Amino acid sequence: MTLRFVTSNPHKFREAERILKGFGVNIRHAKLSYPEIRGDNPAEIAADSARKLKGKVKPPFFVEDTGLFVDGLNGFPGAYAAWVLSKIGLRGFLRLMKGVRRRDAVFRTAVALFDGKRVVVFKGEAKGRIAPSERGKGGFGYDSLFVPEGSRKTFAQMVEEEKDAVSHRRKALERLAHYWRN
Ligand code: ITT
């Protein structure tokens, strides 16, 4: 059975399609944007969105919410990452980071699956740090600024497989795939 991924973000869809294929799960894109509750917990946001999409999208489907939490900014922008990017861009974000010493950060992803009966949430995170300036052309969003733990490259400097091996999205989707296939 094909799973639908409800997202307005084509980059997120492409990554999910690639990752899940590796686990033998095929997905379809339900290109839809939907209102999200405010908050700083991706799991609560994703679960709420999945519940609200019942009756609007044919199950089984899933949604995904990702946040970027920067230590030195007390967790900002967190689940507001998309909004911050749309308002001030990466350059504005880097300006906020000027003089910030604790550049440790974590990407947190929550995937909420509605299988027709219930909503189940799967989480994944990737720890790393915010680079002093943009590096790399690949990826999307904050990828050119995020250096995952154990690497010297930003996500945007990596080939797709390298990011997929360690990313927040990969970890959450791997959990989804195991659940789905069992
Ligand atoms: P949907 O809600 O429609 O799925 P969105 O782009 O609004 O799409 P989010 O609410 O989850 O998605 O926003 C997360 C933002 O964080 C997203 O817009 C990107 O800018 C950024 N982001 C998410 N995953 C990322 C990744 O793997 N690498 C870099 N930036 C990422």
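Structure: see above.
The rules behind these values
- Residues numbered from 1 in each chain as written.
- Predicted model: local features only at pLDDT ≥ 70, side-chain atom pairs only at ≥ 80, totals over all residues.
- Heavy atoms only, no water.
- Near = heavy atom within 4 Å.
- Polar contact = N/O pair within 3.5 Å; in protein donor to acceptor, adjacent residues only side chain to side chain.
- Areas by Shrake-Rupley, 256 points an atom, 1.4 Å probe, with all protein chains shown as cover.
- Helix = DSSP H or I, 4+ residues; strand = E, 2+ residues; numbered from the N terminus.
- Nonpolar A, V, L, I, M, F, W, Y, C, P; charged D, E, K, R; others polar.
- Axes fitted to C-alpha atoms, helices over the stretch in contact; angles between N-to-C directions.
- Parallel < 35°, antiparallel > 145°, perpendicular 65-115°, else oblique.
- Left-handed = near helix turned anticlockwise from the far one by under 90°.
- Contact = heavy atoms within 4.5 Å.
- Buried < 20%, exposed > 50% of the residue type's maximum accessible area, 1.4 Å probe, protein only.
- Lys, Arg positive; Asp, Glu negative; His and termini not counted.
- Salt bridge = Lys/Arg side-chain N within 4 Å of Asp/Glu carboxyl O.

## Let's talk about the site of the ligand
Taken together, 19 residues form the shell around the ligand, and within it Thr-7, Ser-8, Lys-12, Asp-143 and Lys-163 come nearest. With respect to the ligand, the side chain of Arg-169 contributes an N or O atom lying 2.8 Å from a nitrogen atom. In isolation the ligand offers 600 Å² of accessible surface; the protein chains occlude 91% of this area. When residues of the shell around the ligand are traced back to their parent elements, those giving at least two are strand E3 (61–70), helix H3 (81–96) and helix H5 (168–181). The residue makeup of the shell around the ligand, split by class, is six nonpolar, six polar and seven charged.

## Some thoughts on the packing of helix H1 (residues 10–22) against H5
Packing of H1 against H5 brings their axes to within 10 Å, and their N-to-C directions diverge by 50°. On the basis of their axis angle, the class for H1 and H5 is oblique. Our pair here, H1 against H5, has a crossing hand that is right-handed. Here H1 contributes Lys-12, Glu-15, Ala-16, Ile-19 and Leu-20 to the contact with H5, which in turn contributes Arg-169, Arg-170, Leu-173, Leu-176 and Ala-177. When grouped by side-chain class, the residues that make up the contact of H1 with H5 number six nonpolar, no polar and four charged.

## Thoughts on the side chain of Arg-4
One can find Arg-4 in strand E1 (residues 3–7). Of the side chains bearing the opposite charge, Glu-17 lies closest to the buried Arg-4, which forms no salt bridge; the N-O distance is 13 Å. The residues touching Arg-4, leaving out its near neighbours within four places in the chain, are Arg-28, Ala-30, Val-57, Lys-58, Pro-60, Phe-61 and Phe-62.

## Examining the environment of Val-25
Structurally, Val-25 can be placed in the loop between H1 and strand E2 (27–31). For Val-25, a relative accessible area of 3% translates into the label buried. For the pair Val-25 and Thr-2, spaced 23 residues apart in the sequence, the C-alpha separation amounts to 7.7 Å.

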